[in-house]
Amino acid sequence: MRIWEKYRTLAMAQKELSSVDLELTRWCNLSCVHCYKLRTPEPMSETVFNRALQAIEKSGAMLVGFNGGEPLSHPLFLTFAKRVLESGRLLTVVTNGTLLTQELLEALSPYRGIRFQISLYGTDRHSFHALTQGPPHLWDSLMELLPTIPRLGLHLETVLLVLKETAAGLPRLYAQLDSWGVNPFLNPVLFPREDGDPAPLAHQVTQKEFDTISHLLESAAYPQCEGTCRACGAGASSLAISHRGELFPCLLLPRHLGNIGVDSLKDAIQSSESVEFTSANCVPARCMSCDWYADCVRCPGGASFGTQDVQTIPPNVCEIAKMRTLSRRHARSSPEGQ
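Please read these numbers as outputs of a predicted model, since none were measured by experiment.

What follows is about the overall build of the protein chain. When its secondary structure is counted, the protein chain shows 14 helices and nine strands. A buried classification covers 50% of the 338 residues belonging to the protein chain. The long-range fraction of contacts in the protein chain, counting pairs at least 24 apart against all pairs at least 6 apart in sequence, stands at 71%. Carbon and sulfur atoms form 53% of the exposed surface of the protein chain, whose accessible area is close to 15,400 Å².

The following block contains the structure:
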């Protein structure tokens, strides 16, 4: 467990605010067929960012996330990133990586508190183009740049999305990243779009396709617990600020808790709306008694798209949990797993 996760886990246990995600923009340079986000061109203004950072400093939260859309598309990305790092906070940039440049990385290399979490959409230039509509050369450039990120002393994690179109090529890509010392994480869970459109779910893997990559997956996100089990730290140990300055439990959970121009983060997290939300944001009892629960990675935010119910149990997420469990059982019962 890295320092980011250690701090987040400790803060959640002590019921303290640990992290704040900033939606720098809802715009993206790619048009991914599996994306859940509804894009708009309006970026976070410098005024909203300055207010947000001041509120974060006052709150004591030490983890800041830049999200989107594609945060690197914000014209003031580098300025904003330096301000967060110079405030002594740890910064995670969630990005598709295609707008990264050597110059940008070198400008950030003196700072040791930055982590790039890069989602790789595809396993080669052809699947990348098919999934993102982006020019194939963006994939080539990103693959050339990735090994230089840890060499510059910057933290790097890669997220590989498991899709029908990528399952066959993921073991090879995983091995390549691993040989570079890059930490690959596989994510098999898809969401409908924010407006409830189920189109992205058409790209979910089948059991046969899942079996080809199941040995690469990490353990489940939800530990076993008794009584009331919080689904995630949204609204309790973490908050989000939209590009317009709205305060939310999470960028995937746009329940209005205030506005950064008026309300402090402490006010937001102690508001009646936040208390009501966090009380509801727990793992349903029916999930904890499910045969697939130990392998479930349900996200309350994505689960609520189109329903506004954080305890919604999407059928496709149950299917993925079942695939995980059956693949693991098969591996243990096979001669190779004994």
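For the rest of this paragraph, the subject is the packing of helix α5 (residues 125–132) against helix α6 (residues 136–145). Relative orientation and spacing of two packed helices are given, respectively, by the angle between their axes and the distance between those axes. At a minimum axis distance of 8 Å, the contact between α5 and α6 shows a crossing angle of 125 degrees. Classified by the interaxial angle, the pair formed by α5 and α6 is oblique. Note on packing geometry: the crossing formed by α5 with α6 is right-handed. Residues Arg125, Phe128 and His129 of α5 pack against Pro136, His137, Leu138, Trp139 and Asp140 of α6.

Attention shifts here to the sheet that holds strand β7 (residues 238–241). An order of β6-β5-β4-β3-β2-β1-β7-β8-β9 is seen for the nine strands of this open sheet, with the pairing classed as mixed. Only two strands of the sheet have a single neighbouring strand rather than two, namely β6 (183–187) and β9 (258–259). With two bridges connecting them, β7 and strand β8 (residues 246–248) associate as antiparallel partners. Bridge pairing in β8 links Ala240 to Phe248. Sheet strands in contact with helix α8 (residues 170–179) are β4 (114–120), β5 (155–161) and β6, and its direction is about 175 degrees off that of β5.

Take the pairing of strand β3 (residues 90–95) next. When a strand is regular, its side chains alternate between the sheet's two faces. Across four bridges, strand β2 (residues 63–67) lies against β3 in parallel orientation. Its bridge partner being in β3, Phe66 is matched across the sheet by Val93. When β3 meets β4, the two strands line up parallel, connected through five bridges. Residue pairing for β4: Val93 is matched across the bridge by Phe116. Handedness of the crossover joining β3 and β4 through helix α4 (residues 102–108) is recorded here as right-handed.

Within the largest apolar cluster, 77 residues are counted, with the highest numbers of intra-cluster contacts made by Leu22, Phe66, Phe116, Leu120 and Leu265. Ranked by residue count, the leading element in this core is helix α2 (residues 46–59), at six residues. Here Leu265 is in contact with Leu17, Val20, Ala55, Ile56, Ser59, Leu239, Ile241, Leu247 and Ile260, once residues within four sequence places are set aside. With five residues, the next largest nonpolar core counts Cys229, Ala231, Val283 and Tyr293 among its residues.

Turning our attention to the confidence of the model for the protein chain. Scored by pLDDT, the protein chain has a mean of 89; 90% of the residues are at 70 or more. Least confident of the elements in the protein chain is helix α1 (residues 3–13), whose mean pLDDT is 59; most confident is helix α3 (residues 77–86), at 98.

Applying the stated rule across the entire model yields seven aromatic pairs. Where Tyr36 meets Phe191, the ring centres are 5.6 Å apart and the plane angle is 65 degrees; that geometry is what we call edge-to-face. Of this pair, Tyr36 sits in the loop between β1 (19–23) and α2 while Phe191 sits in the loop between β6 and α9 (207–211), and the two are 155 residues apart along the sequence. A ring pair is formed by Phe49 and Phe66, whose centres lie 6.3 Å apart and whose planes are at 75 degrees; its orientation type is edge-to-face.

Its location among the elements puts Gln102 in helix α4. A C-alpha to C-alpha distance of 7.3 Å links Gln102 and Leu145, two positions 43 residues apart in sequence. Apart from residues lying up to four places away in sequence, Gln102 is in contact with Leu145, Thr148 and Leu152.

Bringing the pairing of β4 into the picture now. The buried fraction of β4 amounts to six of the seven residues, a majority that puts the element mostly inside the structure. As judged from the six bridges shared by β4 and β5, these two strands associate in the parallel manner. Directly across from Ser119, in β5, lies its bridge partner Val159.

Cut-offs used in this document
Residues numbered from 1 in each chain as written. Predicted model: local features only at pLDDT ≥ 70, side-chain atom pairs only at ≥ 80, totals over all residues. Heavy atoms only, no water. Helix = DSSP H or I, 4+ residues; strand = E, 2+ residues; numbered from the N terminus. Buried < 20%, exposed > 50% of the residue type's maximum accessible area, 1.4 Å probe, protein only. Contact = heavy atoms within 4.5 Å. Areas by Shrake-Rupley, 256 points an atom, 1.4 Å probe, with all protein chains shown as cover. Axes fitted to C-alpha atoms, helices over the stretch in contact; angles between N-to-C directions. Parallel < 35°, antiparallel > 145°, perpendicular 65-115°, else oblique. Left-handed = near helix turned anticlockwise from the far one by under 90°. Pairing = 2+ DSSP bridges. Right-handed = clockwise from strand over helix to strand, strands pointing away. Core = buried A, V, L, I, M, F, W, Y, C linked by side-chain atoms within 4.5 Å. pLDDT = per-residue confidence, 0-100. Phe/Tyr/Trp six-rings, centres within 6.5 Å; stacked < 30°, edge-to-face > 60°.

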